[in-house]
Amino acid sequence: MDVLIIDDEQPAREEIRHLLTQEADLRVVGECANAIEGISAINRHKPDVVFLDIQMPRISGLEMLSMLDPETLPRIVFLTAFDEYAVQAFDQDAFDYLLKPIDPARLDVTLRRLRRDRSPEQASALFQAAAPLKQIPCPGHLRVLLIKVDDVEFATSKASGVHITTHTGSEHFTELSLRTLEEKTPFLRCHRQYLVNPEHIREIAFQEGGGAEIITRSEHHLPVSRRLLPELKEKLGFA
Amino acid sequence: MFLDSLSLTLTLLQQTCVYLVIAYLLSRTRIFIPLMNVAVRLPHRLTCYVVFSAFCIMGTYFGLKIDDSIANTRAIGAVLGGVLGGPSVGLAIGFTGGLHRYSLGGPSALACMLSTIVEGLIGGIFHSYMRGHGRIQTLFNPLAIAALTLAAEITQMLILLIVVQPFSAARHLVEQIAVPMGVANALGAGLFMRILLDRRQIHERQASVFSTKALALATRVEGVLHEGFNIDTSTRVAHIIHEELGVGAVAVTDTRNLLAFIGIGADHHLPGTPITSALTRRAIENNEVVYADGNALAYRCSISPKCPLAASLIIPLLGEERHVIGTIKLYEPRSRLFSTINRTLGEGIARLLSTQILAGRYMQQRELLAQSEIKLLHAQVNPHFLFNTLNTLSAIIRRDPERARHLVLNLSTFFRNNLKRPSEEASLGEEIDHVTAYLDIEKARFLDRLVVEFDVPVALRQCRLPAFSLQPIVENAIKHGTSHLLGVGRVLISARQIGDELHLCVEDNAGLYEAPRESNGLGLSLVHRRIADRYGPPYGLDIACERELSTRVTLRLPLAPTAPMALV
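Residues numbered from 1 in each chain as written. Chains lettered and ligands numbered in written order. Predicted model: local features only at pLDDT ≥ 70, side-chain atom pairs only at ≥ 80, totals over all residues.

An unreviewed UniProt entry lists chain B under the name Sensor histidine kinase, from Rhodocyclus tenuis. As recorded by UniProt, the Subcellular location (unreviewed entry) comment attached to chain B reads in full: "Cell membrane". (UniProt positions renumbered as here; feature names shortened; annotations may be inferred.)

Looking up chain A in an unreviewed UniProt entry gives the name Two-component system response regulator BtsR, with the organism given as Rhodocyclus tenuis.

> Sorry if this is basic, but what is going on with the overall build of chain A here?
Counting its secondary structure elements, chain A contains 8 helices and 15 strands. Residues counted as buried form 36% of the 239 residues belonging to chain A. For chain A, the proportion of contacts with a sequence separation of at least 24, taken over those separated by at least 6, is 57%. (Helix = DSSP H or I, 4+ residues; strand = E, 2+ residues; numbered from the N terminus. Buried ≥ 20, exposed ≤ 12 C-beta atoms within 10 Å, placed from the backbone. Contact = placed C-beta atoms within 7 Å.)

> What is the right way to read the overall build of chain B from this model?
Within chain B, the regular secondary structure consists of 15 helices and 14 strands. Looking at the 568 residues of chain B, the share that counts as buried comes to 41%. Long-range contacts, defined here as pairs at least 24 residues apart, represent 67% of the contacts in chain B between residues at least 6 apart.

> What am I meant to see in the nonpolar core here?
Proteins that are soluble and globular tend to have nonpolar side chains buried together. Ranked by size, the top nonpolar core spans 89 residues in total, and within it A:Phe51, A:Leu52, B:Ile473 and B:Val474 carry the most contacts. Ranked by residue count, the leading element in this core is helix α13 (residues 428–446) of chain B, at 9 residues. In this structure A:Leu52 touches A:Ile6, A:Gly61, A:Met64, A:Ile76, A:Val77, A:Phe78 and A:Leu79, once residues within four positions along its chain are discounted. Membership of the second largest hydrophobic core comes to 55 residues, among which are B:Ala92, B:Ile93, B:Ile177 and B:Ala189. (Core = buried A, V, L, I, M, F, W, Y, C linked by C-beta atoms within 7 Å.)

> When you look at the interface of chain B and chain A in this model, what are you seeing that I'm missing?
How big an interface is tends to be expressed through the accessible area that disappears when the partners come together. Between chain B and chain A, the residue contacts involve 19 residues of the former and 18 residues of the latter. Secondary structure elements with two or more residues in the side of chain B that touches chain A: α11 (383–399) and α13 of chain B. Here the side of chain B that touches chain A gets 11 residues from one element, more than from any other, and that element is α11(B). By residue class, the composition of the side of chain B that touches chain A is 9 nonpolar, 8 polar and 2 charged. (Nonpolar A, V, L, I, M, F, W, Y, C, P; charged D, E, K, R; others polar.)

> Please explain the UniProt feature "transmembrane region" (unreviewed entry) in chain B as it appears in this structure.
All names here are of chain B. Sites flagged by UniProt as "transmembrane region" (unreviewed entry) map to residues 6–26, 46–64, 76–97, 109–130 and 142–165. Secondary structure within residues 46–64 divides into 84% helix and 5% strand; the distance between the first and last C-alpha atoms comes to 30 Å. Structurally, residues 109–130 comprises 100% helix and 0% strand, and the distance from its first C-alpha atom to its last is 32 Å.

> What am I meant to see in the sheet that holds strand β1 (residues 2–6) of chain A here?
Paired through backbone hydrogen bonds, the strands of a sheet run either parallel or antiparallel to each other. Residue and element names in this part refer to chain A. What the 5 strands build is an open sheet, ordered β2-β1-β3-β4-β5; its pairing is parallel. The open sheet terminates on both sides in strands that have one partner only, identified here as β2 (27–32) and β5 (96–99). Taking each pair of neighbouring strands and ignoring which way they run, the sheet shows an average axis angle of 20°. Across 5 bridges, β1 lies against β2 in parallel orientation. If you follow Asp2 over to β2, its bridge partner there is Arg27. (Pairing = 2+ DSSP bridges. Axes fitted to C-alpha atoms, helices over the stretch in contact; angles between N-to-C directions.)

> Sorry if this is basic, but what is going on with the pairing of strand β6 (residues 309–318) of chain B here?
For a regular strand, side chains alternate in direction, first toward one face of the sheet and then toward the other. Residue and element names in this part refer to chain B. Of all 10 residues that make up β6, 9 are buried, and the element is covered over most of its length. Across 9 bridges, β6 lies against strand β7 (residues 324–333) in antiparallel orientation. Within the sheet, the bridge partner assigned to Leu317 lies in β7 and is Gly326. Taking the residues that link successive antiparallel strands as the turn, the β6-β7 hairpin has 5 residues, and the phi of Glu321 there is positive, at about 50°.

> Where do I start with the packing of helix α7 (residues 167–221) of chain B against helix α8 (residues 231–245) of chain B in this structure?
How two helices sit against one another is set out by the angle between their axes and by the gap between those axes. All names here are of chain B. Look at α7 against α8: their axes get within 10 Å of each other, and the N-to-C directions meet at 160°. By the angle class used here, α7 and α8 are roughly antiparallel. The handedness of the crossing between α7 and α8 comes out as right-handed. Facing Lys213, Ala216, Leu217, Arg220 and Val221 of α7, the residues of α8 in contact are Val237, Ile240, Ile241 and Glu244. Looking at side-chain class alone, the contact of α7 with α8 contains 6 nonpolar, no polar and 3 charged residues. (Parallel < 35°, antiparallel > 145°, perpendicular 65-115°, else oblique. Left-handed = near helix turned anticlockwise from the far one by under 90°.)

> I keep staring at the confidence of the model for chain B and nothing clicks. Help me out?
As a note on interpretation, predicted positions should not be read in detail where pLDDT is low. All names here are of chain B. Residues at a pLDDT of 70 or more form 93% of chain B, whose mean pLDDT is 84. Every residue in residues 561–568 is under pLDDT 50, and counting partners more than four places away or in other chains gives 10 contacts. Among the prediction metrics, the complex's ipTM stands at 0.77, with pTM recorded as 0.55. (pLDDT = per-residue confidence, 0-100.)

> How do you make sense of the sheet that holds strand β14 (residues 550–558) of chain B when you look at a structure like this?
Residues and elements named next belong to chain B. Taken in spatial order, the 5 strands make up an open sheet running β9-β11-β12-β14-β13, and their pairing is mixed. The sheet terminates laterally at β9 (450–455) and β13 (540–546), the two strands that pair on one side only. Looking at each pair of strands side by side, their axes are set apart by 15° on average, direction ignored. Strand direction decides the pairing type here: β13 and β14, joined by 7 bridges, are antiparallel. The partner of Ala544 across the bridge, within β14, is Arg552. Contacting β9 and β11 (489–498), α13 runs over the sheet at an angle of about 165° to β9.

> Can you help me understand helix α2 (residues 42–61) of chain B in this one?
Each α-helix winds once per 3.6 residues, and so residues spaced three or four apart point in a common direction. Counted at 1.5 Å a residue, the expected span for α2(B) with its 20 residues is 28 Å, and the 29 Å between its end C-alpha atoms agrees. Residues B:Cys48, B:Val51, B:Phe52, B:Ser53, B:Phe55, B:Cys56, B:Met58, B:Gly59 and B:Thr60 constitute the buried set of α2(B). (Expected span 1.5 Å × (residues − 1).)

> I keep staring at the environment of B:Val179 and nothing clicks. Help me out?
Residues and elements named next belong to chain B. With respect to the helices, strands and loops of the structure, Val179 is situated in helix α7. Using a count of 17 C-beta atoms within 10 Å as the deciding quantity, one classes Val179 as partly exposed. As a C-alpha pair, Val179 and Glu153 span 26 residues in sequence and 9.5 Å in three-dimensional space. Setting aside residues up to four positions removed in sequence, Val179 forms contacts with Ser5 and Thr9.

> Would you mind going over the packing of helix α3 (residues 74–85) of chain B against helix α6 (residues 142–163) of chain B with me for this structure?
Residues and elements named next belong to chain B. Close contact between α3 and α6 brings their axes to 10 Å; oriented N to C, the two are set at 125°. The angle between the axes of α3 and α6 places the two elements in the oblique class. Seen from above, α3 lies across α6 with right-handed handedness. Contacts between α3 and α6 pair Ala75, Ile76, Val79 and Val83 from the former with Ile145, Leu148, Thr149, Ala152, Glu153 and Gln156 from the latter. Split into classes, the residues belonging to the contact of α3 with α6 amount to 7 nonpolar, 2 polar and 1 charged.

> Even after reading the chapter, I still don't get helix α14 (residues 471–479) of chain B, so can you show me in this structure?
Of all 9 residues that make up α14(B), 8 are buried, and the element is covered over most of its length. Every buried residue belonging to α14(B) is among B:Gln471, B:Pro472, B:Ile473, B:Val474, B:Glu475, B:Asn476, B:Ala477 and B:Ile478, and all of these are buried.

> What is the right way to read the environment of B:Leu139 from this model?
Residue and element names in this part refer to chain B. With respect to the element layout, Leu139 can be found in the loop between α5 (109–132) and α6. Counting along the chain gives 13 residues from Leu139 to Phe126, while the straight-line C-alpha distance between them is 8.0 Å. When neighbours within four sequence positions are excluded, Leu139 is seen to be in contact with Val38, Val83, His127 and Met130.

> How should I be thinking about the environment of B:His203 in this particular structure?
All names here are of chain B. Along the chain, His203 falls in helix α7. On the basis of neighbour counts, which here come to 13 C-beta atoms within 10 Å, the residue His203 falls in the partly exposed class. Once the C-alpha coordinates of His203 and Arg28 are considered, the two residues, 175 residues apart in sequence, prove to be 10.0 Å apart.

> What should I look at first to understand unusual backbone geometry in this one?
Cis geometry is adopted by the peptide bond preceding A:Pro101, which originates at A:Lys100 and carries an omega value of -10°. Checked against the element boundaries, A:Pro101 lands in the loop between β5 and α5 (104–116). Following B:Gln165, the chain continues into B:Pro166 via a peptide bond in cis, with omega recorded as -10°. Residue placement: B:Pro166 occurs in the loop between α6 and α7. In this structure, A:Arg58 is a non-glycine residue whose phi angle is positive, near 60°. Mapped onto the elements of the fold, A:Arg58 is located in the loop between β3 (49–53) and α3 (61–65). Judged by the 21 C-beta atoms lying within 10 Å of it, A:Arg58 is buried.

Okay, structure coming up:
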């Protein structure tokens, strides 16, 4: 099993790594110090299991969950220093959690459970647990910008990754996939590579040949694919 | 003619004397209190009207019958009523007195009624004129009143001459009564005002003696019982009351024992001994004021038969929910009387002391509460901090046992400091050491993600401040600040002397401070409240936050606080 460790404290990562390397069938594919690095590493390494600390800078482990692509969700084992209500609230079967300092015997139980049932995480359970996104994390230099969903006009997927554009025209890179944003925000899919925030649509210009174009409040022109137009019109209430 | 006039004057003056005696006796009653000042409000005017109408009518009855007319002192009531009550009151009194005179009949009945009304009006106009010119004191000047009344009498004579027919009869009447009535009324009105003035002075002197005594006492006992209700504070209070009231002796008891005794009989009334007096027990059990004046209710000392104290006033002191918590007792020896003033004062003092005792207890409770909150804060070590630290420790033990040992030492220093009694003061140096132990632990967790700098002048390390003030601020800067940074968190801890204040500053580079909601931020608000309670405004915490850049928490407190401000 490929394992990823996400914890902001280096000694804590060292500790769990040490315990995990005792197991022959486990391979630690990476360590991350925060949720941003974590999302990126999950997208990159596609680990089977993630050991995820809850208390982390700006974006907690719980918040990070809702930012992951539901299609490629790894198994999650939460780590926490204190038996939090937040963790207890989860269905025990859906998510496992370990208390720090980690008791090796308790870790064994977790690992046995993981070896027995390697099916991917139940996405439905996750969505029940995780709240809709209010803010979208965008990594900056040494900081994370948390951009309000309401301020975003549209999101687009480019070769360099997913970018969101705010109503002030600034563009930010995000680790979140378009699919995650579509699932977790009110954004509507208008094109294979575009999501639009319906609150920011100023007009839809229909073109000859059945195509259309969305013009946002700050004058951005977004393509609408012919295939998605009927669904879009229906969702906007003028079908 | 002259002799006639003189004898009539003297007779009328005699009548006036009887009239004035009645006025004097009445002046000793409560009815007269409203009359000692100019009547402005309706109830006072009403009293004024009733009293002076009565005098007006009385003036008629005390008159002397001359032919079919009456030489009288009716004018005094009408004029004075007008002077004190204003034109409307004067007019009303004139009407009342005049109608009464009219009902008695005689050739001059109509003229007398008219002149009485005019006299009331004259008094009222004088009132309005003097008030309008800001010379209210003139209204109480007996000479001015006498002159005014004389003028009113002259007016009356003129009215008689005009109204009474035939003119010869009028002239005859006026010749007979003009001088006696002028003299008697002017003198009577002047003396009447003199009586009023005397009453007013006595009244004011009594009131001022009373309030001076009460104020002096209240000022001196203020705050004494805030320190608690015990032998020491009771003795101080008893001393003050004894000095201020000048009574024979003063005692203070709780519900069981005598706490203090000052004055005559102190040789055998010993503080600390149980209460023996049945009267005191009665006061405590029934929650009532017991007054043994030495006549109706005898006071006899329950300890020594030779005790010279013969009268006692026992007033219960009340605590929470009006429960009796003790008594205050005033004594006088056989040779002296209890003055009414001292009785009233005694009861007032008991109320004052009861309130003080209550306030003192309330303050003690509040202080206890603040202390226990701080204790709670001490005990309430952030569980995340504790378990994360243990987790760190478990990682470090494997790699570097020596460093792990160091961390364990830091942890024990930190917890040991935390268990100190929170009411204790500490030096800034000790606070910095406590914070350093805490920071060493945090640095072991965060490694190079946390950089801390100190800028504390050595000279300031001796400053005193309430223990456990700095650490919660630093912990807050890390927990809600730098630990949320992806990059390096920086915390700067500095101390400065600004004027006669000490400013402790904790600045982080996260800028994530948010005003606490109900539950969180307990640490900071508690530190603020403790400083603010102790030293008063403007001391406490100031928080300046520049979003995403920095948060700076400044703790202001007086430098070298010799005596912390009393908790009020």
